[in-house]
Structure formats: C-alpha cells, structure tokens
Amino acid sequence: MNPTNYLVLSVILFSIGAAGVLVRRNALVAFMSVELMLNAANLAFVTFARMHGNLDGQIVAFFVMVVAAAEVVVGLAIIVTIFRTRRSASVDDASLLKL
Amino acid sequence: MTFPWLTTLIALPALGAVLTALVPSGRGTLAKQVATGAALVTLVIGALISIQFLFDVDMGVEAETYEWIPEFGASWALDVNGISLALVALTVLATPIVALAMWHEAEDEKRDPKAFFALLLAVEALTLTAFLAQDVLLFYVVFEAMLIPLYFMIGMYGGPQRRYAAVKFLLYNLVGGLAMLAAVIGLYVQSIDAGDPSFFLPDLVALDIDTTTQWWLFLGFMLAFAIKAPLWPFHTWLPDAAAEATPANAAFLSGVADKVGTYGMIALVLPLFPDASRDAAPVIVVLAVVSIIYGALLAIGQTDMKRLIGYTSISHFGFIVLGIFALTGQAATGATFYMVNHGLSTIALFVVVGFLVSRRGSRQVDDFGGVQKPAPKLAGVFLFAGLSGLALPPLSTFLSEFLVISGTFLRYRPAAIVATLGIVLSALYILWLYQRTMTGPVRPAVEGMPDLRTREVAVVAPLIALLVVVGFFPKPLTDAIDEAVGPTLVEVGVEEPEPLAPVAEHVEEGTGR
Amino acid sequence: MNAPTIEYAELAPLITIFGAAVIGVLIEAFVPRKVRHPVQVAVALLALVAALVQVILLAGTGMVAAVGAVAVDGPALFLQGTILVLAIISVAFFAERRLEAGGDAFAPAASTLPGSEEERILVRERMLQTEVYPLALFAVGGMLLFPAANDLLMLFIALEVMSLPLYLLCGMARRRRLLSQEAALKYFLLGAFSSAIFLFGMAFVYGYAGTLRFGEISEALTANIGQDGILLAGVGLMAVGLLFKVGAVPFHSWTPDVYQGAPTPVTGFMAACTKLAAFGAMVRLFYVAFGGMRTDWQPMLWAVAIATMLVGAVVALTQTDIKRMLAYSSIAHAGFVLTAMVAADQTATAAILFYLATYGIATLGAFAVVTLVRDSGGEATHLAKWAGLGRRSPVLAATFALFLLAFAGIPLTSGFVGKLSVFTAAIDGGAAPLVVVGVIASAIAAFFYVRVIVLMFFSDPAPEGPTVAVPSLWTAVGITLGAAATLLLGIVPGPLLDLAQQASLFVR
C-alpha cells in the first residue's frame, strides 16, 4: 500500500484533533484532542521513517509516547484541581481572567 | 599627558549631582549649598577653558578620546570649537544663576528641594556632554537621557497642570528622539557598509552617502532637533512646559537645554548631510519664518506671563534656525551668537517674571498693574530684560539678530524681510506687557509689593552685566564662532553669496548707531 | 560495534541540574517536613551555582556532544549562563518569607481546596510548599537544554521538560488561588496544543530531510530539490510552536492571563528565563537548520515581528493591572528581538543574546518590585493603587522607574543598548522598514511606561493605598543587583557586548 495514504490519515487525525481543541468546551475533551494530535504526529513519524528507511522516526514516536504520558499526569492534575474547586470542567467557566 | 579639561568640566556637575542626592533628607539648605557650589566650580573650569578660545592663551585644552563601546566603534570623544564653546559658556553661566533663582521656589512646596538641585546638575552635565561630544552615539545618549531629569523637574515642582505639561514635554521629545535613533543607526550602518564601523563624527562626516539615504537620515535628525528647538509646527509642548514649570526651571529649559536642538542642527545636521541640508534649506527657512511670526503673534495674545515668554522663545528659535539654514557665514555666526544671547535674555525674563509671580501668587497679566510704583528696581530689571528680548542696541541680542537677518538677506531676501516684521512684533509684545503690568494705576493687590532682595539682585545682576558687556565687546566670541562656522559651511559646499559689506563693518555700524 | 560516547564534562551543567532536581524529589519523600524547606532551597541554590561555575569553565568550547544531539557552543553557553544567573535570583525570590507572615508566595499544598478547613490548618501551622524547588530545577534543566538542542528530538524533549513544570508552578499561588488555577489550565491547554502543532511540523521536516540532526537538515535543504511544500508546512508548524513560547502575536493570548494569574515570583522567572530559552532555540533552529531557506521564512517573521510590536504596544495602553501591562510589554519586546532575527547573521545573533540578557534582568527585577507593593488582599497589582508610591517609598519607586525606563529603551539604561544593537542588526540585514515600525512601537510603548511613572511620582497617594513591604535580604539583594546591572550595562555595555559577540558563533 502506498505510504502516502498513512500521511493523509495522519493529517486527517491531526485536523480532527485541532478542531476538537478549538471547538469543544470541556477541558478534558480538549485535552484528549491534543493527545489525538500527538498520535497523528506519531503516525506521520513512523510513516516517514518507513519511507526514508531509517529508524529515527520510530524512536521519536517512542519518546513522544513518554512525553504524552507525562503531559497527561500534569494536565489531569491541573484539571482535577480546578474541577474540585468549581465542580465544572468547562473551559467557559474559567473566566476570571479576561481574554 | 595633559589635563583632561573637558572631561573634568562634565564630571564636576555629575559629581555634584550625586553629592547633592546624598545629602540627607530634611537638610534642604545644605543640598542647595552643595549644588550651587558644584555649579560655581564648574563655572570656574568653564571660564578657564573659554580663556584659551576667546583670548588665545594656551591653557592646554584639547580634544579627548577614550574608548567607550569598542564593539560599536563608539568612544567618549570630546572636542571644543567656537560653536560649542559659546554654548558651554552659556550653560556653565546659567546653572548657578538658575540654582540661585530656584533657592526659595522649592521651599514653598512640601517637596524636598534636594531632588531639583541634583537633577539640575545632572542636566547640566548631560547638556555639556551634548555640546562637547564628537561621537554621534554619545550625543544621542545624552540628548535623550536629559529628557528624564527635565521631566521630573517639571512634573515634581511645577504649577497645577504640571503633570500634563511634563508628559507632553517627554512624549514629544521622545518621539523625536526615537526618529533620530533610527537615523543614528542608519548612519552607523552606512559606516559599516563603508568598511569601518564608527560613531566618531569626523569619520561619519567623511562618508559619502547617497542623496536618498541622506534625505531619510536628515529627516530623522531634523525631526528630533525641530521638536527640541522647537520649530513650528512641533512647538506645542513648549508653552505648556514654560507655563507650568517653575520660572527657574523654565529659564533653564528654554534658555539652555533646548539649545541642544539648534546646536545639533549646526554641528551635526549640516556637516553630516550636506546635500540634503542644501536641498531642504528653503523648506526649513519657511518653517523658521512661520515660527518667528507665529510665536510673536501668539505672544501678543497671551494673558499668562510665563506662557507669553514661552511663545517669544518660539519666535527667537525661529531666528536661530533661520540663521543656520540661510547657509551664509554671517547668518550662521549670528545664529550661534543668538543662541547665547537668547539664553541670557530668556533666563533674565523668566527669572524676573518668577520674582513677580512669587510676590503676587499669579501668572496672569491682568493681576498686575502699576508695579513700578511700589517696586521700581524690579520694574527696571523687567524693562531691561524685555528690551534685551526685543534686541535693542547696544545689548548683545541686537548684534546677533542683525547678523542673522543681514546674513539671510544675502540668500533669501523675502524671508529676511518677513523676519524683520518679527522684530516689530517683538517690540509690541514686550512693551505692551510692560505697560500692562508695570505702569498705570497701582492695583490693590500689588500695593506694598517688596522690591528686589539681595539674592534676587545677585541673580539678575550678572545677566544684565553680560548682556551689556557682550553687546559692547562681542569680537572675541564672534571671532571664535566665525572660525568654527567656516569649515561647517565649506562642508555643506555652498557658495558664499557676495557680501554687501564685510562683517566687521556691520558690527561697527550696528553698535555705533 | 562501538558504543556511543557521552561527553560528561561538556554536559556537566545539565547533569548537575537534572541530578539536583531528582534529589529534590527524593528529599520530598524522605526528609522530615520541618526541615524540608531550608534543605530544598539550599540544594536548589547549590545546584544552580555549581552549574553556573561549570558553564563558566566551559566558556569557549565549540563542539557537538552526545552523538550530535546537544551543541556546546557560544550561544548555548551564553544563554545557559544567563538563565542560571536569573534562576538563582528567581529561587531567592521564591524563598522570600517576610511578605506573607511566615509564608511564601505559594499555597501550602496545591491539592487542598481553596477556602477549605484543610487549607486553613496548613496556613495556621505555617506549612510551606517545597515541591516548587524541584519543579523549578526541572524547568531550568529544560531551559538549559532548549537552546543547546541540536536535533529535533532533543528540541521537543527540552520543550516539554521546560514547559510541564511551569504549568504546575503557575497554579500554585497562595492568594487568589482560583485565578492561579485558571491561569495554569489556560497555559497548559494552549501550551499542549502548541507543542502538538510543533511536533507535527517536526514530523514534516523529518519527512523532508530524512534526519533529525540540524546540520544534516541544513545539508538536505541544498540537496533535495522539489517537495518544498512539505518542508514549508513543517517549518511553518514548528515556527508556531516556538512563537507561542516566546509570546509572539498572534500566539500571544496566553501571556497576559498567565502572567497575571501565576504567583509573581514564578511570573518573573517565566517571563525572563522562558523567553531566553525559547529565543535561543528558535535562533539555533532557524539559523543552523533552516538557514539555507531564509528567504522563505523571512517574510513570515517580518509579518509576525510587525504584528507583535504593534499589538504588544497598543494593547498595553489599555491595561489597568500592572502584571498584565508588563505581560504586554514583554510581547512588544519579543517583537523587538524578532526584528533582529530577521537579519539572520552573526551580528544579529550577538544582538539577540545581549538583548535577551538585559531584558531578562530588568524583567525579573520589575516583577520582584511588584511583589513588594501589597495591601490587605496580597499584592496590589491594580495600577490605581500605585498612585503616589514615589512619595511613600521613593527608593522603590525610583528602582521600578529605572526598570520601566530600561523597557522603554531610554539611554543610560541597558534597554537602550539592547534596542540599539537589535535595530542595528536589523538595518544592517536589510530590514530598515521593520526598524521604522519598531521605532513607532517604542514611541507608543513609552507612553504607558511614562504613565506609570507619572502615577508613581506626580500623583497624590490614595488614602488607603498599599504599603511597601520590607523584604528579606535575599530579595533586596536580587532587586539591587537587577537595578545595578540595568544601569551599569547602560553606561558601560562594552564587556557584555564583547562577550555576546564572541559567543555568537553556532557550531554546525
């Protein structure tokens, strides 16, 4: 199968993720969309690694998974704290700071 | 190694400023004494330096260059010639007089007088550096830096609208300064392109800059100097600052600090951008003539005495700029000489008005009337200062105005004729002001107004003496200026128009009339 | 097969900081609560000073370490040294305990609910937050690595190591905790979003060049013809991630909120150090890896620089909160740095290095002054409350005025020399119109700096205005150092300029 298809898929996934961050109001969903974007990038890295015939891209994918895990820890910590304080995870409720 | 006269001249007031600032709060008198002492010592050094140039006695004053920012090719380079000497002399003379005039001004306020005196000395040091700098970056740094102390002097010690006046003063000058910054950098990049990055003035003068670039750089420098000077239509900050600052501060501001603007025109703009200066001269001359007439007309219409003097300054600055951009030796000498004389005369006017304001508690012309009955000496010095403002012979202001107009006449005949109208108007505003405030029936509030005190005599006497003495013996100073102006005009590359008569003859005719 | 070698000596500053950060985590676990605070502060300061000494000893090195992943060269070492100096002062501000009646600027435990009984008990018992020190050390480690990263993977890892602790630090304020938590949320979501974009861009660049190393990418630019679309998309997306970190328009919207909500010592640390690290990384990436295609990215940076300077300066005019105002001013400053970046040569690198150092020092000092002006609700950050500060506390107000004048670029302050050098680099690099915009933006910016000075010195004090707290020796020394450096670098900038010039050559 042509590797370009995987690239197209990764672009689609990335776009869905980006759209999700911009459209969805729930912090958790927005955060999950970010994770989707990271994984889209992973797919692109692995595909390019295959096209170039070297392993660099695959190594990056592993590192990104670790980073994503760390990001989940930090992100959930922040979201949970805010949720406990105000019983809502909606981004719109976080409005003390004017935009 | 010879004694670094010029650096000493700058270091003394700077040191004085630091010492004054270190005087503990509450010891106001001590702070004033320290500051005045430092200003007097600076005056002595300035006088010693002047001797070499005025009377050809070798005091060992020479150009000084020390490394400052080698990465930019900028140096602490100082030199003195006739033009800068005239202004240095004005500055060192004016500072102790202004300090003395301010003696009681700061006390009425709840503010500590120490800050004013420290800032005054700081401005003196920066102004002296500007007049002596041979490095464009050094000049720019002090040109901008002096805004900050002046800003605090207006904003902390002035009248009720002082905040507005201080902010307006700062923003106008800052905008001009930033335009100049872009031009300074542009000029520097020209020297990089020529292979030798440098801010040293003679190096930059030697550059061959193409005309279009010259025009842009000229605009940047000229905007800054036109705001500082101030030239119509960039003048509107001056009347506010003059009205709201304390009289002594206003005197220093328009008498001395603003001269950096006109000094910059003659010492930087002309030699650096000769082609652009030549091409733009007609435009600048028109602006200068508009300034002369506009300032004079508005001065006639003022009811606030300090504001009135502010407008007369705009008119006088118009004469100075006219003289510079007439591009004749006679006019340029006259303009430089004018800077000194206008400084002396404006300081005298502001200071005397300050005496009146502090006695009456009002700046309005209408609140005065018949002052000459209770305070004849005060009225006398007021009249004298006023007459120096309208350039009455044989006061020194007459000669400079005469040189400017006759020098301009050689090249721009209509401009010179219109400028003469400015002289007529100046007679009108000064004499009318005198008539409204000093003569006529004595107003109730003016009755019992005390006459000049000893301190006040000490402030005014040197000014009057100088205006008279320089009026009778201008030759050492005009010769020194003439010597420096010549090379500048050669740099611009203008042909000297056929003189109607040699300069010296004019002098004799003028003073003898 | 040869095992790869690691140059431990050259990587020593990084190892020291990360090692100390791990030790800090262990201290959290094993050291009794009573003595934890002094131990953590001591470990953090020791590690930072040790790393600074190591950086100074490395000065003059120009090599690529860790199998090509980390560059140890002039720009990296210059920025690392500056970041470490700023971090040392920041940690001193973190440890300030005189202002909050025995507490510091952080909530005793970030996990307690604001206003809960738990929180009250902790405050009453004078418990202190100690996790901030290892977090700060991790962030500093990331910042040291960021401008030194010489391949894409390291760049991404450094970005995350730097950012994640900062997200947490932002949410830990002792006062106005909800505001602080919201700032953390906002920073985190937008930060994660921008890193994901950055990562995706990285994938495209990798797809184009087939390698992660900067040097090899640069070679690939000349070798590969065609496929330019994929490369441009990659560079553009990576630029978004980096421009977000430096707070350039249109990726700046997080800056004012986060600066306002975060505990002020953290804001100062973030404003100074993050910007240094991010600009360092950006300059290396664009000059070393993408230097061969500068004509493609220069127009983009032109547009961003103009927008950043103007938006930063104009929006700052409308601010009424001192921290938000400083945030917009930092945006405008990012724009000034970008003007030099457009020039893309060695002069520009030197100018950027100098500018960042002077800006960092002044910023840290300015935020430290903000922590000292307090009323019953904590810091009094509303501008109206600063009225008449010059009469109440002339020395503090004069210091703050000095920092503001440096931001405005007035001569005899370090800000002027910085502005002079970036503008010179820009004109020299053919970006004269950018400098004209820069000058206009400076004039607008001067207006709001002046406004604060007017308020402090020429206005009458408000009757119930804030008091100026007396800080501990550490904070006082930090502010004094900042003010002295700001003034001194304005009068004799030669030595630092010289250092920046010597340090301006990238290894490839």
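As a convention, each chain's residues are numbered from 1 in the sequence order in which they are written. A letter from A marks each chain and a number from 1 marks each ligand, given out in the order of writing. Two thresholds apply to this predicted model, a pLDDT of at least 70 for residue-level local features and 80 or more for giving and counting side-chain atom pairs, whereas whole-chain, interface and lining totals are computed over all residues.

For chain C, the name recorded in an unreviewed UniProt entry is NADH-quinone oxidoreductase subunit N, with Jiangella ureilytica as its organism. UniProt positions are given in the numbering used here, feature names are shortened, and annotations may be inferred rather than shown by experiment. In UniProt, chain C has this text filed under Sequence similarities (unreviewed entry): "Belongs to the complex I subunit 2 family." As its UniProt record puts it under Subunit (unreviewed entry), chain C is described as follows: "NDH-1 is composed of 14 different subunits. Subunits NuoA, H, J, K, L, M, N constitute the membrane sector of the complex."

You'll find chain A entered in an unreviewed UniProt entry as NADH-quinone oxidoreductase subunit K, with Jiangella ureilytica given as the organism. Per its UniProt entry, chain A bears the Sequence similarities (unreviewed entry) comment "Belongs to the complex I subunit 4L family." Quoted verbatim from the Catalytic activity (unreviewed entry) heading of the UniProt record, the comment on chain A is "a quinone + NADH + 5 H(+)(in) = a quinol + NAD(+) + 4 H(+)(out)".

Right, let's talk about the overall build of chain C for a bit. The secondary structure listing takes helices from DSSP runs of H or I that are at least 4 residues long and strands from runs of E that are at least 2 residues long, numbered from the N terminus. Scanning chain C for helices and strands turns up 20 helices and 5 strands. All radius of gyration figures rest on C-alpha atoms, and the globule criterion is 2.2 Å times the number of residues raised to 0.38. Relative to a compact globule of 508 residues, whose C-alpha radius of gyration would be 23 Å, chain C shows 22 Å and is just as compact. When its C-alpha atoms are laid out on the principal axes, chain C stretches across 70 × 55 × 40 Å. Out of the 508 residues belonging to chain C, those deemed buried represent 64%. Residue pairs are scored as contacts if the distance between their C-beta atoms, which are placed from the backbone, is within 7 Å. Excluding contacts between residues fewer than 6 apart, the proportion of contacts in chain C whose partners are at least 24 apart in sequence is 80%. Partly exposed residues are those whose C-beta has more than 12 but fewer than 20 other C-beta atoms within 10 Å; with 20 or more the residue is buried, with 12 or fewer it is exposed, and the C-beta atoms are placed from the backbone.

In terms of nonpolar packing, the biggest core is built from 456 residues, with Ala41(A), Leu322(B), Phe200(C) and Ile352(C) touching the most fellow members. Considering every element that reaches this core, the biggest residue donor is helix H7 (residues 177-209) of chain C, with 21 residues. Ignoring sequence-local partners within four residues, the contact set of Ala41(A) consists of Phe14(A), Val64(A), Ala196(C), Leu199(C), Phe200(C) and Ala203(C). By convention in this section, buried Ala, Val, Leu, Ile, Met, Phe, Trp, Tyr and Cys residues joined through C-beta atoms within 7 Å make up a nonpolar core.

All names here are of chain A. The feature "transmembrane region" (unreviewed entry), as given by UniProt, occupies residues 6-24, 36-53 and 59-83 in the numbering adopted here. Helix makes up 94% of residues 36-53 and strand makes up 0%, while its end C-alpha atoms are separated by 25 Å. The annotated region residues 59-83 carries 100% helix and 0% strand content, and the separation between its end C-alpha atoms amounts to 36 Å.

Attention shifts here to the arrangement of the chains. Here the protein chains form 2 pairs of chains in contact, of which the pair with the most contacts is chains A and C. Separated in space, chain A and chain B share no contact, their closest pair of C-alpha atoms being 30 Å apart.

All names here are of chain C. The 3 strands lie next to each other as E4-E3-E5, forming an open sheet whose pairing is antiparallel. Pairing within the sheet leaves two strands with one partner each, and these edge strands are strand E4 (378-379) and strand E5 (467-468). Relative to E5, strand E3 (residues 373-375) runs antiparallel, the two sharing 2 bridges. Along E5, the bridge assignment pairs Val-373 with Val-468. By this definition, two strands are paired if DSSP reports at least two bridges between them.

Residue and element names in this part refer to chain C. You can see Leu-26 is positioned in helix H1 (residues 12-30). Judged by the 11 C-beta atoms lying within 10 Å of it, Leu-26 falls in the exposed class. Between the alpha carbons of Leu-26 and Tyr-449 there is a distance of 45 Å; along the sequence they are 423 residues apart.

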